[in-house]
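Examining the three-dimensional arrangement
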Amino acid sequence: MQDFAHSFVLAGNLILQADAALVEIVGLSLQVTATALVVSAAIGLPLGAILAIARFPGRMVLVVLSNALMGLPPVVVGLTVYMLLSNAGPLGVLGLLYTPTAMVIAQSILITPIIIALTRQVIADLHQDYSDTFRSMVVPGHTAVAALLWDARYSLMTVLLAGFGRAIAEVGAVMIVGGNINHVTRVMTTAIALETSKGELALALALGIVLLLIAFAVNGSVALLRGAERSLVRV
Amino acid sequence: MSEVLSFPGHAPLKARTGRSALPLSVRQLTFRTEGIDILRGVNLSLESNDLTVLMGPNGAGKSVFLRLIHGLLQPSSGDIRWDGAPLSKAVRRSQALVFQKPVLLRRSVRANLSFALGLRGFVNRSARLEQALADSGLADLADRPARVLSGGEQQRLALARALILDPKVLFLDEPTANLDPASVLMIEDVIGRVRASGVKIILVTHDAHQARRLGEEVVFLHKGRVSEHSPADLFFNQPQSAEAEAYLNGKILV
């Protein structure tokens, strides 16, 4: 018990002193996940919106697929990306395995379905309000998609934050494709797993606290955004 | 009409140019949904620019009829033609509809109008936009989020957004229901000026007083059919159909 208490004190010191190793790991985590989020948003927002308003054969299949893929197990994503990027794999020539780029790819695959599925829901709800007006005004499809995405911007921020939260907290995929290499691909979750197994609880705890703080900050931003939207928009 | 409605300082909107969208010719129009016959064979021909008021008890099919002739709904059977042409996007582009409950974008008043302007290839957009803000009395509110406006202001914006597209035909589906008298007056003033500029207006209203103030001809719908189609004077003073007479006398029609 006393060991644990001591670990907490050490962890607190690491955070307060902005320990170099800690900062490096947190920085890489944020960088990888932010990049993955940008990639996923660029794909997921328009695709989700198109799924919400377009009517084409196979649409329902895509909707069901994106919903089902929301629950993709990270280790399965990790394994798949590993096989693609390993030397023997189809993308092996790129030499991306065990790089931050590989982690970005894995996290993007993990959260893009989440962004698509949640965006589709948000945009479908808004489109129900707008569709008669848009049809009356003869709004072309691409203009309608852009307008709906813009008008749903507050709700979509919460969608993006949900994706961010999922990606930054995930350990299985980045462990497999990143390899948890010190100073190269070591992020918060993989470092926590490693340090814990080594019995070095101080750094693990410090990283865990930072991760929790990030989770709180993300959820707090979601709540604030919802509040801002409500005060701005009479629904 | 104009003496009652005109506000000082407002010139009539400029007259339309180009071909008229009329006549509207509707033949044997039926609409059936979820096993209920909403319209049961409507025949109607509108040839003049006179402001047409569509009246009738609840459930008579007025709003459905408006949506059908604007192309928002597909008829179960029957034929709708504007100046001989069947409904199409091109026809709809020359029309505009203001809904009872306006759906405004979650943006500023100005952005709502510029969104509409961006849909058509208009030149000198900013001048049109400023003119629309002035015409609708919304210039002071231009930078407010549209969704925080009062009900009357929202409806004025919806009307301005419809008019900025320069429609030849304007559909109004109970545009002043549940609005305060001052807002009703401002909206009726705009309607009057639009009428004077030569736009064909088809107005659905439950308000018999409004119908008397604005209407030049009346189409009375009852149970999915046209019971009467008369000039407004005749309709209000000597209704030709028993249903319209009962309705005007305040009897509850079912």
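Attention here is on the structure that accompanies the text. (Residues numbered from 1 in each chain as written. Chains lettered and ligands numbered in written order. Predicted model: local features only at pLDDT ≥ 70, side-chain atom pairs only at ≥ 80, totals over all residues.)

Focus: the environment of Asp135(B)
Residue and element names in this part refer to chain B. With respect to the helices, strands and loops of the structure, Asp 135 is situated in helix H5 (residues 125-135). Given 20 C-beta atoms within a 10 Å radius, Asp 135 is considered buried. Sequence-wise, Asp 135 and Trp 82 are 53 residues apart; in three dimensions their C-alpha atoms are separated by 29 Å. (Helix = DSSP H or I, 4+ residues; strand = E, 2+ residues; numbered from the N terminus. Buried ≥ 20, exposed ≤ 12 C-beta atoms within 10 Å, placed from the backbone.)

A few points about the sheet that holds strand S8 (residues 200-204) of chain B
All names here are of chain B. If you trace the six strands from one edge of the open sheet to the other, you get S6-S7-S8-S3-S9-S10, paired in mixed fashion. Among the strands making up the open sheet, the edge pair consists of strand S6 (95-98) and strand S10 (225-231). Taken pair by pair, the neighbouring strands of this sheet meet at an average axis angle of 15 degrees, ignoring direction. Bridging between strand S7 (residues 169-173) and S8 involves five bridges; their strand directions are parallel. Within the sheet, the bridge partner assigned to Phe 171 lies in S8 and is Ile 202. (Pairing = 2+ DSSP bridges. Axes fitted to C-alpha atoms, helices over the stretch in contact; angles between N-to-C directions.)

Some words on the nonpolar core
Ranked by internal contacts, the top residues of the largest apolar core, which has 132 residues, are Val81(A), Ala106(A), Val177(A), Leu207(A) and Leu54(B). No other element matches helix H5 (residues 100-137) of chain A, which puts 19 residues into this core. If we ignore the near neighbours within four places in the chain, the residues touching Leu54(B) are Lys62(B), Phe65(B), Leu66(B), Ile202(B), Leu203(B), Val204(B), Val219(B) and Leu221(B). (Core = buried A, V, L, I, M, F, W, Y, C linked by C-beta atoms within 7 Å. Contact = placed C-beta atoms within 7 Å.)

Section: the sheet that holds strand S2 (residues 36-46) of chain B
Residue and element names in this part refer to chain B. In space, the four strands of this open sheet follow the order S2-S1-S4-S5, with antiparallel pairing throughout. Strand pairing shows two members of the sheet lacking a second neighbour, S2 and strand S5 (85-86), which therefore form its edges. Sheet analysis places strand S1 (residues 24-33) next to strand S4 (residues 77-82), joined by five bridges and oriented antiparallel. Across the sheet, Leu 24 pairs through a bridge with Trp 82, a residue of S4. Contacts from helix H2 (residues 62-70) reach S1, S2 and S4 within the one sheet, and its direction differs from that of S1 by about 120 degrees.

Looking at H5(B)
All names here are of chain B. Every buried residue belonging to H5 is among Ala 132, Leu 133 and Asp 135, and all of these are buried. Taken down its axis, H5 places every buried residue within 165 degrees of arc, on the same side. In this structure, H5 carries Ser 126, Ala 127 and Ala 134 as exposed residues pointing more than 90 degrees from its buried face. Packed against the buried residues of H5 are helix H4 (109-118) and helix H6 (151-163). Where H5 ends, the next residue or the one after it, Gly 137, has phi of about 70 degrees, a positive value. (Arc of directions from axis to C-beta.)

Some points on the packing of H6(B) against helix H7 (residues 181-196) of chain B
Residues and elements named next belong to chain B. At a minimum axis distance of 9 Å, the contact between H6 and H7 shows a crossing angle of 15 degrees. Taken as axis vectors, H6 and H7 run roughly parallel relative to one another. For the pair H6 and H7, the crossing hand works out as left-handed. For the pair H6 and H7, contact is made by Gly 152, Gln 155, Arg 156, Leu 159 and Leu 163 and by Ser 183, Met 186, Ile 187, Val 190 and Val 194, respectively. Residues that form the contact of H6 with H7 fall into these classes: six nonpolar, three polar and one charged. (Parallel < 35°, antiparallel > 145°, perpendicular 65-115°, else oblique. Left-handed = near helix turned anticlockwise from the far one by under 90°. Nonpolar A, V, L, I, M, F, W, Y, C, P; charged D, E, K, R; others polar.)

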